[in-house]
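In case you want the letters, here they are:
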Amino acid sequence: MTRVRSGISAIALVAVACGGSRAPADPPAAIDGPRLQWGLVLHGGAGTITRESMTPERERAYRDVMTQALRAGHARLQAGGSSLDAVVAAITIMEDSPLFNAGRGAVFTAEGTNSLDASIMEGSTLRAGAVAGVGRVRNPIALARLVMERSPHVMLSGAGAEEFAQLQGIELVDPSYFYTESRWRSLERVQEQERRARENADTTSALTVDEKFGTVGVVALDRNGVIAAGTSTGGMTNKRWGRIGDSPIIGAGTYAGPSCGISATGWGEYFIRNVVAYDVCARMEYRDVSLREAAHQVIMVRLESQEPETGGIIGLDGEGNVVAVFNTSGMYHGWIDQDGSVGIGIYAE
């Protein structure tokens, strides 16, 4: 773990053994050079996540689901599946959990609905697919892959994306499937803050850091050396006017090339403006710097010069180096290597 300055850190993945797994001696992001022959890294959102605000039971629940997701992706790779297979398998687990702001646990819009976004990209071919603003698709990441593989397009949105989903046999659910009490309370809290701000003629945003952030993502490297990346989200609590963040935008929230894959989580507007996911990979190629250095430059220097708490990224390069960098107090993140060793991290300290 590398401390950058008080309160804000660039995080090398914290290797904490889970479920009896063997943890390697050094976290993959803490050194330069190949670490994973094949495997994957994931995140479950960034924000104000501290030990003081987390109960042991809730922390265990997050670790359990992340471990389950990592193992689901690993099983696909171990069986000879592609990095795309691993990305979809792992993200599906997190989309089905109410703990994460994606799929089942998606936050609510200002209208009290759920609006889901997702994207996926394969590095060797630069094929990509994305969906935005869907409200009945149980697993948006699966639909994003079908947009990539079975349509001539990269991104579909709203009713059109759901029509395509029906044509492809993707499971659609009643919107009530996405209702969770905790997310509804979050919407009510934000709208009450907004009401009070209007009464006090306060023109600043009523959103807290926690309402701006929340996403899940995976980057995988398969046995053939192919990188894939995917991201899925419910977006921002109380969002209006069909707002879409960075998660479904190729190059902003998701990017995979021949030698680098990135998935981002954070304040989407900043990740869009700075084309964050692509910028990390481009710096590696054009400046000949390591994945770790490129990630640090983009998150801890460039984004921080614009907004102190913007979020974070996970990444994998073609040599198997893993990185997780964030400038918030926490980001749910983890990795699994070819031997099935699992590492999970949450906090910045």
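See above for the structure.
Because the structure is predicted, anything quoted here is derived from the model rather than measured. (Residues numbered from 1 in each chain as written. Predicted model: local features only at pLDDT ≥ 70, side-chain atom pairs only at ≥ 80, totals over all residues. Heavy atoms only, no water.)

So, about the overall build of the protein. Scanning the protein for helices and strands turns up nine helices and 14 strands. Expressed as a percentage of its 349 residues, the buried residues of the protein come to 61%. Taking contacts inside the protein between residues at least 6 apart in sequence as the whole, the part at least 24 apart equals 70%. Here the protein has roughly 13,500 Å² of accessible surface; of this, 49% comes from carbon and sulfur atoms. (Helix = DSSP H or I, 4+ residues; strand = E, 2+ residues; numbered from the N terminus. Buried < 20%, exposed > 50% of the residue type's maximum accessible area, 1.4 Å probe, protein only. Contact = heavy atoms within 4.5 Å. Areas by Shrake-Rupley, 256 points an atom, 1.4 Å probe, with all protein chains shown as cover.)

A word on the sheet that holds strand β11 (residues 311-317). On the basis of which strands lie adjacent, the open sheet formed by four strands has the order β9-β10-β11-β12 and antiparallel pairing. Of all the strands in the sheet, the pair left with one neighbour each is β9 (254-256) and β12 (322-326). Strand-to-strand, the axes of this sheet are offset by a mean angle of 10 degrees, without reference to chain direction. Here five bridges tie β11 to β12, and the two strands are oriented antiparallel to one another. By the bridge assignment, Ile 313 is partnered in β12 with Val 325. With respect to the sheet, helix α8 (residues 276-287) is in contact with β9, β10 (260-266) and β11, its orientation differing from that of β10 by roughly 145 degrees. Packing against the sheet, helix α9 (residues 291-303) makes contact with β10, β11 and β12, and its axis sits at approximately 15 degrees to β12. (Pairing = 2+ DSSP bridges. Axes fitted to C-alpha atoms, helices over the stretch in contact; angles between N-to-C directions.)

Counted at 1.5 Å a residue, the expected span for α9 with its 13 residues is 18 Å, and the 17 Å between its end C-alpha atoms agrees. At Gln 297, α9 is bent by approximately 25 degrees, the largest bend along its length. Residues of α9 that are buried: Leu 291, Ala 294, Ala 295, Gln 297, Val 298, Ile 299, Met 300 and Leu 303. (Expected span 1.5 Å × (residues − 1). Bend = angle between axes of the 7 residues up to and from the residue.)

A separate point is the sheet that holds strand β3 (residues 39-47). The eight strands are arranged β6-β5-β4-β8-β7-β3-β13-β14 in an open sheet whose pairing can be described as mixed. Here the strands that pair on one side only, and so sit at the sheet edges, are β6 (155-157) and β14 (342-347). Ignoring which end each strand starts from, the neighbouring axes of this sheet average 10 degrees apart. In the sheet, strand β4 (residues 116-122) pairs with strand β5 (residues 128-134) via five bridges, with the strands oriented antiparallel. Bridging across to β5, Met 121 finds its partner in Ala 128. Of the strands in this sheet, β4, β5, β6 and β8 (227-233) touch helix α3 (residues 140-150), which is tilted by about 130 degrees from β5.

Here the focus is the nonpolar core. Leu 40, Met 94, Phe 100, Ile 120, Leu 143 and Val 218 are the most contacted members of the largest nonpolar core, which totals 52 residues. Per-element accounting of this core gives the leading share, seven residues, to helix α2 (residues 83-95). Not counting the four nearest positions on each side in its chain, Val 218 is found in contact with Leu 40, Val 41, Leu 42, Val 87, Ala 90, Ile 91, Met 94, Ala 228, Ala 229, Gly 230, Ser 263 and Ile 314. In terms of nonpolar packing, the next biggest core, distinct from the first, is built from 41 residues, Ala 277, Val 280, Leu 291 and Met 300 among them. (Core = buried A, V, L, I, M, F, W, Y, C linked by side-chain atoms within 4.5 Å.)

In total, this model carries 15 salt bridges according to the counting rule given. A salt bridge links Arg 302 to Asp 279; the shortest N-O distance between them is 2.7 Å. Placement of Arg 302 in helix α9 and of Asp 279 in helix α8 is noted, with a sequence separation of 23 residues between them. You can call Asp 279 buried: its relative accessible area is 11%. It is possible to trace a salt-bridge network through shared partners that takes in Glu 192, Arg 195, Arg 196 and Glu 199. (Salt bridge = Lys/Arg side-chain N within 4 Å of Asp/Glu carboxyl O.)

On the surface, Val 275, Tyr 278 and Tyr 286 cluster together into a nonpolar patch covering about 300 Å² of accessible area. Residue position: Tyr 278 is located in helix α8. (Patch = residues over 30% accessible without salt bridge, like charges linked within 9 Å, V, L, I, M, F, W, Y side chains within 5 Å.)

So, on to the packing of helix α1 (residues 56-78) against α2. Packed helices, taken two at a time, are described by the angle between their axes plus the distance between the axes. Two numbers describe how α1 lies on α2: the axes approach to 8 Å, and their chain directions differ by 155 degrees. Here α1 is positioned roughly antiparallel relative to α2, judged by the angle of their axes. α1 and α2 meet at a crossing whose hand is right-handed. Residues Val 65, Gln 68, Ala 69, Ala 72, Gly 73, Arg 76 and Leu 77 of α1 form the contact with α2, whose participating residues are Ser 83, Asp 85, Ala 86, Ala 89, Ala 90, Ile 93 and Met 94. Of the residues belonging to the contact of α1 with α2, the class tally is nine nonpolar, three polar and two charged. (Parallel < 35°, antiparallel > 145°, perpendicular 65-115°, else oblique. Left-handed = near helix turned anticlockwise from the far one by under 90°. Nonpolar A, V, L, I, M, F, W, Y, C, P; charged D, E, K, R; others polar.)

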